[in-house]
Amino acid sequence: MSNTMSIPNGENPYEIYDLESGLKLLREYSGIPDEDVKKHVELIKEKALEVRHYPCIRRYRFLDLIMMTTEVYQEVLERVKNGDKFMDLGCCLGQEIRKLVHDGAPSANTYGSDLWGEYLSMGYELFKDEDRLQTTFIAADIFDDSSPLAKLSGQMNVIYVGDFFHLFNLEEQEEIAERIVHLLAPQPGSIIIGRQSGGETAMEYSRAGDVSGRKQFQHNPQSWKELWDRVGNKTRSKWSADVELCQEFKFKPSVRIDTSSEVQRLMNAKGLRFTIRRL
Ligand SMILES: C[S@@+](CC[C@H](N)C(=O)[O-])C[C@H]1O[C@@H](n2cnc3c(N)ncnc32)[C@H](O)[C@@H]1O
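Residues numbered from 1 in each chain as written. Predicted model: local features only at pLDDT ≥ 70, side-chain atom pairs only at ≥ 80, totals over all residues. Heavy atoms only, no water.

Among the UniProt annotations of the chain, the heading Sequence similarities (unreviewed entry) holds the following wording: "Belongs to the class I-like SAM-binding methyltransferase superfamily." Quoted verbatim from the Pathway (unreviewed entry) field of UniProt, the annotation for the chain is "Secondary metabolite biosynthesis." (UniProt positions renumbered as here; feature names shortened; annotations may be inferred.)

> When you look at the pairing of strand β3 (residues 136-139) in this model, what are you seeing that I'm missing?
Taken residue by residue, a regular strand's side chains alternate between the two faces of the sheet. Inspection of the sheet shows strand β2 (residues 110-114) paired to β3 by four bridges, in the parallel sense. Within the sheet, the bridge partner assigned to D114 lies in β3 and is A139. In this fold, the crossover linking β2 to β3 by way of helix α6 (residues 117-127) has right-handed handedness. (Pairing = 2+ DSSP bridges. Helix = DSSP H or I, 4+ residues; strand = E, 2+ residues; numbered from the N terminus. Right-handed = clockwise from strand over helix to strand, strands pointing away.)

> Teacher, can you tell me more about the site of the ligand here?
In the vicinity of the ligand lie 20 residues, with G90, Q95, D114, D141 and G162 positioned nearest. Burial of the ligand by the protein chains amounts to 95% of its free accessible area of 590 Å². The residue inventory of the shell around the ligand, partitioned by class, reads 13 nonpolar, three polar and four charged. (Near = heavy atom within 4 Å. Areas by Shrake-Rupley, 256 points an atom, 1.4 Å probe, with all protein chains shown as cover. Nonpolar A, V, L, I, M, F, W, Y, C, P; charged D, E, K, R; others polar.)

> Explanation requested: the pairing of strand β4 (residues 158-162) in the structure shown.
Across the five residues that make up β4, a large majority, five, are buried. Here β4 shows two buried faces, one formed by V158, Y160 and G162 and the other by I159 and V161. In this structure, strand β1 (residues 86-89) lies alongside β4, joined through four bridges in parallel fashion. By the bridge assignment, M87 is partnered in β4 with I159. With respect to chirality, the unit in which β4 leads through helix α7 (residues 170-183) into the neighbouring parallel strand β5 (residues 191-198) is right-handed. (Buried < 20%, exposed > 50% of the residue type's maximum accessible area, 1.4 Å probe, protein only.)

> Sorry, what's going on with unusual backbone geometry here?
Trans is the common state for peptide bonds, and a negative phi is the common state for residues other than glycine. In this structure, Y60 takes a positive phi of about 60° despite not being glycine. Among the secondary structure elements, Y60 is positioned in the loop between α3 (55-58) and α4 (73-81). Positive phi, close to 50°, is recorded for K128, a residue that is not glycine. When you line up the elements, K128 lands in the loop between α6 and β3.

> Sorry, what's going on with the sheet that holds β4 here?
Backbone hydrogen bonds are what pair the strands of a sheet, in a parallel or an antiparallel way. Taken in spatial order, the seven strands make up an open sheet running β3-β2-β1-β4-β5-β9-β8, and their pairing is mixed. The outermost strands of the open sheet, each flanked by one partner alone, are β3 and β8 (239-246). The mean inter-strand angle of the sheet, taken between neighbouring strand axes irrespective of direction, is 15°. (Axes fitted to C-alpha atoms, helices over the stretch in contact; angles between N-to-C directions.)

> When you look at the environment of N169 in this model, what are you seeing that I'm missing?
Position of N169 relative to the elements: it lies in the loop between β4 and α7. Excluding residues that lie within four positions of it along the chain, N169 makes contacts with K215, Q216 and F217. A polar atom in the side chain of N169 sits 3.1 Å from the backbone nitrogen of E171. (Contact = heavy atoms within 4.5 Å. Polar contact = N/O pair within 3.5 Å; in protein donor to acceptor, adjacent residues only side chain to side chain.)

This is the structure in structure tokens:
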């Protein structure tokens, strides 16, 4: 199978993500033969979309491994090998955890949490590892103080958050950031790594076709750093934020001529990648 699994023209306004690393993981970690991969991935993708139609699932984001491309990946890997605890928050199918484990991190030091327990089970199905993975998976709403997730307060050392913050408005994002601070060990060196949709302009927006009135917030590097300054003040902690905008995909305006503000936003959207480290 080629590493650019195609999506029917017109369905997806983006150039497809780079799926090579995820396909390699399915081959080497999960032992899925090349000839079976496409059918296997499509089956899980369709099941995952039935739980909730996240655009990132439609675009196979679960096969585009991000953390391994960051400057802190080797540090994270070594730390987890030496006993640090790693959590992927909003992990969905849990691809980042599998990559870390495949690279030698003891799975018992890893945690994955998502709102939907179905995604956690589908992760086992996608990666064929239920019999060997010792990751602690927790189905929980990040906003729920009575969830088992809240009981892990102060125990994590590294938290990865991919395509998560941008689902929420600014107020909710600040609340999530505070909750992440509380999940982490209250000591220098605790880190948060992630990526989300961002852009040169920080702004509130509603997704195209979303008539619920729900707002989401897109950051630029400055507004994202400011959020962490505010969260630091509220939690009496200090954080250094390393943030960059990356051109990860290209919008294809030819797919659909649309002048709506949401399409204009998408045309200029970039990946906002960050490492936030406790000082
Ligand atoms: C857009 S997906 C990104 C998945 C994954 N992190 C990745 O990068 O491929 C966002 C994930 O956040 C989860 N999520 C949404 N709201 C949540 C909440 N309130 N608490 C916990 N997880 C949530 C969704 O179920 C979904 O799996």
